[in-house]
Amino acid sequence: MENEIGGLNPFRKETRTWLEENCPLTMRGQIKDVNDLYWGGRQGAFPSDDHKVWFERMHAKGWIAPHWDKKYGGGGLSDREHKILMEEMARLRCKPPLFSFGLAMLGPALLKFASETQKEHYLNDIVNAKIRWCQGYSEPNAGSDLAGLQMKAEDKGDHYLVNGSKIWTSFGDLADWIFCLVRTNSEGKKQDGISFMLIDMQSEGTATRPIRLISGKSPFTETFFNDVKVPKENLVGELNKGWTIAKYLLTHERQMIGGIGETDEKLNVLEIVNDAIGSVNGKLNDTILRTALARHEMNREIFALTIDRAIDEAKAGNDSGALSSLFKYYGTELNVEAMELIMSASGSDALMMDDSADKHAFLARRFLRSKGNTIEGGTSEVQLNIISKNILGLPIK
Amino acid sequence: MLVINEEQKMLKASVRDFLAIQSPLAALRKLRDEKNSDGIDRQLWGGMCEMGLTGLTISEAFGGLDFGYLGLGLVLEETGRTLTASPLISTVLLSTTAINLAGSAAQKKALLPELARGQLIMALAHEEKAHHDPGHVATKAELRRDGYVLNGHKTFVLDGHIADKFIVVARTAGKVDDAKGIALFLVDATAKGLKVERTQMMDSRNAAKISFENVLVPKDQLMEAGDYDTLVKIFDIGCIGLAAEMLGSAQECFERTLAYLKERRQFGVPIGSFQALQHRAAKMFIDIELCKSVVIKALKAIDDGTPDLSRMASLAKAKLGETIKLVSNEAIQMHGGIGMTDDAEIGFFLKRGRVAQQTLGDYPYHLDRFARLRGF
Ligand SMILES: Cc1cc2nc3c(=O)[nH]c(=O)nc-3n(C[C@H](O)[C@H](O)[C@H](O)COP(=O)(O)OP(=O)(O)OC[C@H]3O[C@@H](n4cnc5c(N)ncnc54)[C@H](O)[C@@H]3O)c2cc1C
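Worth saying up front: this structure is predicted, and the values here are computed from it rather than measured.

Each value, and the rule that gives it
Residues numbered from 1 in each chain as written. Chains lettered and ligands numbered in written order. Predicted model: local features only at pLDDT ≥ 70, side-chain atom pairs only at ≥ 80, totals over all residues. Heavy atoms only, no water. Helix = DSSP H or I, 4+ residues; strand = E, 2+ residues; numbered from the N terminus. Rg over C-alpha atoms; globule rule 2.2 N^0.38 Å. Buried < 20%, exposed > 50% of the residue type's maximum accessible area, 1.4 Å probe, protein only. Contact = heavy atoms within 4.5 Å. Lys, Arg positive; Asp, Glu negative; His and termini not counted. Charge placed at Lys NZ, Arg CZ, Asp CG, Glu CD. Areas by Shrake-Rupley, 256 points an atom, 1.4 Å probe, with all protein chains shown as cover. Domains from an automatic or database assignment. Buried area = accessible area lost by both parts, 1.4 Å probe. Salt bridge = Lys/Arg side-chain N within 4 Å of Asp/Glu carboxyl O. Pairing = 2+ DSSP bridges. Near = heavy atom within 4 Å. Polar contact = N/O pair within 3.5 Å; in protein donor to acceptor, adjacent residues only side chain to side chain. Nonpolar A, V, L, I, M, F, W, Y, C, P; charged D, E, K, R; others polar. Expected span 1.5 Å × (residues − 1). Phe/Tyr/Trp six-rings, centres within 6.5 Å; stacked < 30°, edge-to-face > 60°.

Q: Honestly, the overall build of chain B in this entry has me stumped. Any pointers?
A: Within chain B, the secondary structure is distributed over 11 helices and 9 strands. Taking 21 Å as the expected radius of gyration for a compact globule of 376 residues, we find that chain B reaches 21 Å, a close match to that expectation. By principal-axis analysis of the C-alpha atoms, chain B measures approximately 80 × 50 × 40 Å. For chain B, with 376 residues in total, the buried portion stands at 61%. Taking the contacts inside chain B whose residues are at least 6 apart along the sequence as the reference set, 74% of them involve residues at least 24 apart. Across chain B, the 47 positively charged side chains and the 47 negatively charged ones have centroids separated by 3 Å.

Q: Help me out: how do you make sense of the overall build of chain A in this one?
A: Each helix and strand in chain A was counted, giving 11 helices and 10 strands. For chain A, the C-alpha radius of gyration of 22 Å lies close to 21 Å, the compact-globule estimate for 397 residues. Viewed in the frame of its principal axes, chain A has a C-alpha envelope of about 75 × 50 × 45 Å. In chain A, which comprises 397 residues, the proportion classed as buried is 51%. Pairs at least 24 apart in sequence give 71% of the contacts found in chain A among residues at least 6 apart. Accessible area of chain A: about 18400 Å², with a carbon and sulfur share of 50%.

Q: I would appreciate a short explanation of the domain arrangement of chain A in the present structure.
A: When the parts of a complex come together, some accessible area is lost, and that lost area is often used as the size of the interface. Residue and element names in this part refer to chain A. When its domains are assigned, chain A resolves into domain 1 (10-99), domain 2 (133-241) and domain 3 (259-390). For domain 1 versus domain 2, the distance between C-alpha centres works out to 31 Å. The partner domain 2 presents 9 residues to the 6 residues of domain 1 that form the contact. Of the roughly 540 Å² buried where domain 1 meets domain 2, counting both sides, 40% is carbon and sulfur surface. If you sort the residues of domain 1 by the area they bury against domain 2, Trp39, Arg42 and Gln43 come out on top, with a joint share of 79%. For the pair domain 1 and domain 2, the interface holds 1 salt bridge.

Q: Quick question: what am I supposed to make of the pairing of strand E4 (residues 165-171) of chain B here?
A: Put simply, side chains in a regular strand alternate between the two faces of the sheet. Residues and elements named next belong to chain B. In terms of burial, E4 is largely enclosed, as 7 of its 7 residues are buried. The alternating pattern of E4 places Lys165, Ile167, Val169 and Arg171 and Phe166, Val168 and Ala170 on opposite faces, both of which are buried. Pairing between strand E1 (residues 122-125) and E4: 4 bridges, direction parallel. Opposite alanine 123, over in E4, you have phenylalanine 166 as the bridge partner. In the sheet, E4 pairs with strand E5 (residues 182-188) via 7 bridges, with the strands oriented antiparallel. Opposite alanine 170, over in E5, you have alanine 183 as the bridge partner.

Q: Explanation requested: the site of the ligand in the structure shown.
A: Residues and elements named next belong to chain A. Close to the ligand lie 16 residues; Ser138, Ser144, Trp168, Ser170 and Thr379 are nearest. Between the ligand and the protein, one listed contact pairs an oxygen atom with a backbone N or O atom of tyrosine 137 at 2.9 Å. Burial of the ligand by the protein chains amounts to 68% of its free accessible area of 980 Å². For the shell around the ligand, the secondary structure elements donating two or more residues are strand E3 (159-170) and helix H11 (380-391). Split into classes, the residues belonging to the shell around the ligand amount to 4 nonpolar, 9 polar and 3 charged. No fewer than three residues from each of domain 2 (133-241) and domain 3 (259-390) sit in the shell around the ligand.

Q: Could you clarify how one ought to interpret the side chain of A:Ser215 in this entry?
A: With respect to the element layout, A:Ser215 can be found in the loop between strand E6 (206-211) and strand E7 (220-231). Setting aside residues up to four positions removed in sequence, A:Ser215 forms contacts with A:Met353, A:Arg365, A:Leu368 and A:Arg369.

Q: In this structure, what is going on with the interface of chain A and chain B? I would like to understand it.
A: Taken together, the contact between chain A and chain B spans 39 residues of the former and 43 residues of the latter. For the pair chain A and chain B, the summed buried area comes to about 3600 Å², and 69% of that belongs to carbon and sulfur atoms. Summed over the shared surface of chain A and chain B, the result is 17 residue pairs in polar contact (both at pLDDT 80 or more). Residue assignment for the side of chain A that touches chain B shows that the elements contributing at least two residues are helix H7 (269-277), strand E10 (283-284), helix H8 (287-315), helix H9 (324-346) and H11 of chain A. In terms of residue count, the dominant contributor to the side of chain A that touches chain B is H8(A) (17 residues). Its residues assigned to classes, the side of chain A that touches chain B shows 20 nonpolar, 8 polar and 11 charged.

Q: So what exactly am I meant to see when it comes to the domain arrangement of chain B here?
A: Residues and elements named next belong to chain B. Taken domain by domain, chain B holds domain 1 (6-119), domain 2 (124-221) and domain 3 (228-373). Here domain 1 and domain 2 have C-alpha centroids that lie 23 Å from each other. When domain 1 packs against domain 2, the two sides together hide about 1400 Å² of surface, and 58% of this comes from carbon and sulfur. For the domain 1 face of the interface with domain 2, the top three residues by lost area are Ser90, Gln107 and Leu111, together amounting to 24%. Linking domain 1 with domain 2 are 0 salt bridges, by the criterion used here. Connecting domain 1 to domain 2 are 6 residue pairs in polar contact (both at pLDDT 80 or more). When residues of the side of domain 1 that touches domain 2 are traced back to their parent elements, those giving at least two are helix H2 (25-33), helix H5 (88-102) and helix H6 (105-117). Among the residues making up the side of domain 1 that touches domain 2, the classes are represented as 11 nonpolar, 9 polar and 3 charged.

Q: Could you clarify how one ought to interpret the environment of B:Ala163 in this entry?
A: Residues and elements named next belong to chain B. With respect to the secondary-structure elements, alanine 163 resides in the loop between strand E3 (147-158) and E4. Along the primary structure alanine 163 and isoleucine 234 are separated by 71 residues, whereas in three dimensions their C-alpha atoms are 18 Å apart. Look past the residues within four positions of alanine 163 in its chain and what remains in contact with it is Ile121, Met122, Ala123 and Ala189.

Q: Could you clarify how one ought to interpret the pattern of salt bridges in this entry?
A: It is possible for side chains bearing opposite charge to pair when their charged atoms get close. Evaluated as defined, the whole model comprises 53 salt bridges over all chains. The residue B:Glu322 makes a salt bridge to A:Arg295 at a minimum N-O spacing of 2.6 Å. Pair noted here: B:Glu322 is in helix H9 (residues 309-335) and A:Arg295 is in helix H8, and the two residues belong to different chains. Given the relative accessible area of 14%, B:Glu322 is considered buried. Across the pair B:Arg42 and B:Asp38 runs a salt bridge, and its minimum N-O distance is 2.9 Å. The network of salt bridges with common partners includes A:Arg12, A:Arg16, A:Glu20, A:Lys83, A:Glu87, A:Glu88 and A:Arg91.

Q: Would you take a moment to explain helix H1 (residues 10-22) of chain A for this structure?
A: Residue pairs spaced three or four apart in an α-helix point in one direction, given the helix's 3.6 residues per turn. Residues and elements named next belong to chain A. Taking 1.5 Å per residue, 13 residues should reach 18 Å; H1 reaches 18 Å between its end C-alpha atoms and fits that length. Buried positions along H1 lie against helix H2 (49-61) and helix H3 (79-92). At the N-terminal end of H1, a side-chain oxygen is found 2.8 Å from the backbone nitrogen of phenylalanine 11, two or three residues along, and the residue is asparagine 9.

Q: Before we go on, may I ask you to explain the packing of aromatic side chains in this structure?
A: Given two aromatic rings, their pairing is described by the distance between the two centres and the angle made by the two planes. Residues and elements named next belong to chain A. Inspection of every chain in the model, using the stated rule, returns 21 aromatic pairs over all chains. With a centroid separation of 5.7 Å and an interplanar angle of 65°, the aromatic rings of tyrosine 122 and tryptophan 177 are classed as edge-to-face. Placement of tyrosine 122 in helix H5 (residues 116-127) and of tryptophan 177 in strand E4 (residues 177-183) is noted, with a sequence separation of 55 residues between them. For tyrosine 122, a relative accessible area of 7% puts it in the buried group. Under the relative-accessibility criterion, tryptophan 177 is labelled buried at 12%.

Written out as structure tokens, the structure reads:
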């Protein structure tokens with residue numbers, strides 16, 4: 001056990017010093033929105049010089065993907081060292097040097113299912129921020145019922161020919177490549193005819209159309225594939241075995257959204273509510289809000305403990321993989337609740353929809369965006385279905 | 001690490017095996033139906049003492065096992081599953097803790113070995129009204145030449161009807177709600193002027209109303225470190241132990257309900273195939289997973305002596321209070337008419353759950369306290 005009193009563990013000490021010396025001050029603290037992050041990719045500009053400095057320093061350390069193998073561009077840290085690094089970054093409130101779906105979603109799936117050649121190629125490109133990835137799962141008629149997807153990939157001998165469309169592709173217009181679920185067999189069980197395919201968005205026949213959201217922003221696209229030729233080596237895993245990869249990747253996505261990934265920083269609800277409402281004799285000056293906030297903070301603290309416990313259980317060899325639905329469901333419900341509390345507390349200040357310099361101006365968009373948390377990555381209802389079926393063993397009608 | 005080690009797993013498993021045979025839920029029903037005058041099974045208690053459960057939190061120097069509160073918590077979780085009525089809470093969780101924390105060297109030497117051997121049933125007499133309130137003490141202890149004279153009354157004294165000895169919270173100075181002036185006394189059940197009236201509670205366990213009329217307590221029965229802060233610490237530990245018991249009850253109650261959802265058929269299908277029930281079951285599952293995390297963390301906080309024990313105690317007691325209510329209410333609803341019958345065992349969880357969540361402070365009390373301790 002690490003002795004926190006009689007001096008820090010050497011790796012922690014070294015890491016803390018290095019971060020303190022190397023993380024620029026503007027790269028610490030609250031992330032305002034997606035534009036406050038470096039996403040990499042061909043079109044990816046650094047939001048600021050400090051973002052560039054921070055990325056380059058972390059990159060040189062191998063700490064873009066600290067726990068991946070060195071031959072894939074990772075830092076080769078052990079689980080323990082990785083955890084320490086994450087804790088130390090959280091302590092200084094460091095922003096992630098690179099935020100990307102490649103790191104959080106595709107990477108883990110490739111590590112588990114891709115060929116050695118694919119791993120070396122794609123993982124290094126992710127770490128070096130050369131390629132920005134987007135996710136091509138949902139289709140207009142396949143949302144919650146994802147396995148009902150129809151976008152087709154036909155075997156044409158030396159390549160696959162892809163036809164169909166995807167929807168809700170987050171940052172489809174900014175991404176270079178897309179990881180897709182495609183139908184390669186229309187017979188039999190719908191899950192057994194799906195393959196996992198990597199497609200260059202610059203291929204002839206691809207197109208995107210932006211979708212505007214209630215937040216006024218347009219981070220999504222509809223993505224079209226019209227006779228797109230995809231090289232055979234872009235298939236990941238076996239033909240028609242893509243569903244397993246899809247589900248594995250989803251557990252990582254759900255963890256990222258649910259907050260286990262610790263990259264997407266939460267707003268400090270307590271601080272914001274306190275600032276807005278004020279207190280009398282140390283008690284929040286609104287008894288109804290105070291009760292709601294107390295319940296929220298209680299659950300938030302215990303949810304954080306539950307994440308710790310799941311990690312400890314995994315280390316002790318007790319399987320907790322089935323719990324990703326729990327984390328997705330509960331983490332996003334908490335997020336949504338937090339935004340509701342902030343909205344209640346902030347009143348009309350939080351209703352300003354312009355991008356003015358007012359310190360509250362970002363809240364309205366954050367609130368509107370939060371509504372998507374309980375939909376993206378599988379809705380809350382779908383997570384409850386998964387828990388009922390896979391964990392509780394309740395019968396399907 | 002928020003997981004238990006091999007030794008702790010073994011303790012938990014052996015207690016579970018023991019209780020499955022010696023104290024299934026039917027045992028509680030039997031005690032109730034035969035109107036047992038003790039309200040506990042002395043033979044069962046003897047067996048629990050033999051297993052060393054009374055000495056879990058007593059150091060080896062006094063004949064205990066020094067196993068710590070995590071160990072006691074695991075035992076309580078198991079007795080929560082079987083709803084075992086025993087003096088584990090009154091005597092081990094509360095009174096032994098009080099003596100460990102507040103007793104003088106002589107008091108420890110006199111009482112701890114007896115407690116470890118299970119020869120003494122003790123009860124903590126504190127509450128004076130229907131809601132938990134640590135500072136609310138009107139019972140007076142006046143110092144005279146030959147000792148302290150106690151006057152006042154207590155209510156909801158767990159196992160008060162069978163206690164050999166009481167730990168009585170009384171005030172030597174100050175007004176009713178003052179923190180200052182609170183002291184703890186050891187009082188024999190046979191003391192003159194002390195009256196005990198058994199109150200059977202909804203959970204078929206027993207508490208007592210106690211009154212003191214000029215009860216003379218020798219000076220050396222004042223507990224050395226028995227002030228308000230110590231009292232709060234005893235309650236914090238008590239809350240965490242109760243939370244562990246409630247965790248066991250919530251799990252058992254939920255598992256029984258889940259089994260019923262799979263077995264009971266209506267409209268030609270198991271009722272567990274209805275999504276309206278599935279989602280409610282899934283939410284209960286999540287709450288119970290959360291409860292497991294806070295209980296193990298809080299138990300470890302006692303053993304580790306962390307400074308934020310009060311916050312952890314309120315966090316655990318609030319969450320378990322909320323969850324046991326939810327789970328036991330849903331259990332009745334999901335059992336339909338059967339759930340309302342005395343024949344079915346599921347109602348016992350509702351009843352114990354309500355008493356446990358009230359003991360040492362209910363959900364609103366601890367939610368409010370948690371918020372205060374978090375600074376808002
Ligand atoms: C912000 C955001 C980002 C996204 N990013 C991406 C992305 O990058 N790539 C991608 O592929 N997709 C993405 N999505 C799509 C997302 O995965 C889907 O929106 C989601 O899976 C729900 O599908 P749907 O929109 O078709 O809703 P539907 O499936 O039509 O659901 C409508 C309602 O019906 C309920 N429902 C459906 N089936 C059931 C059932 N069996 N039981 C109970 N209730 C049910 C749902 O819970 C929901 O409330 C994103 C979505 C959002 C909001």
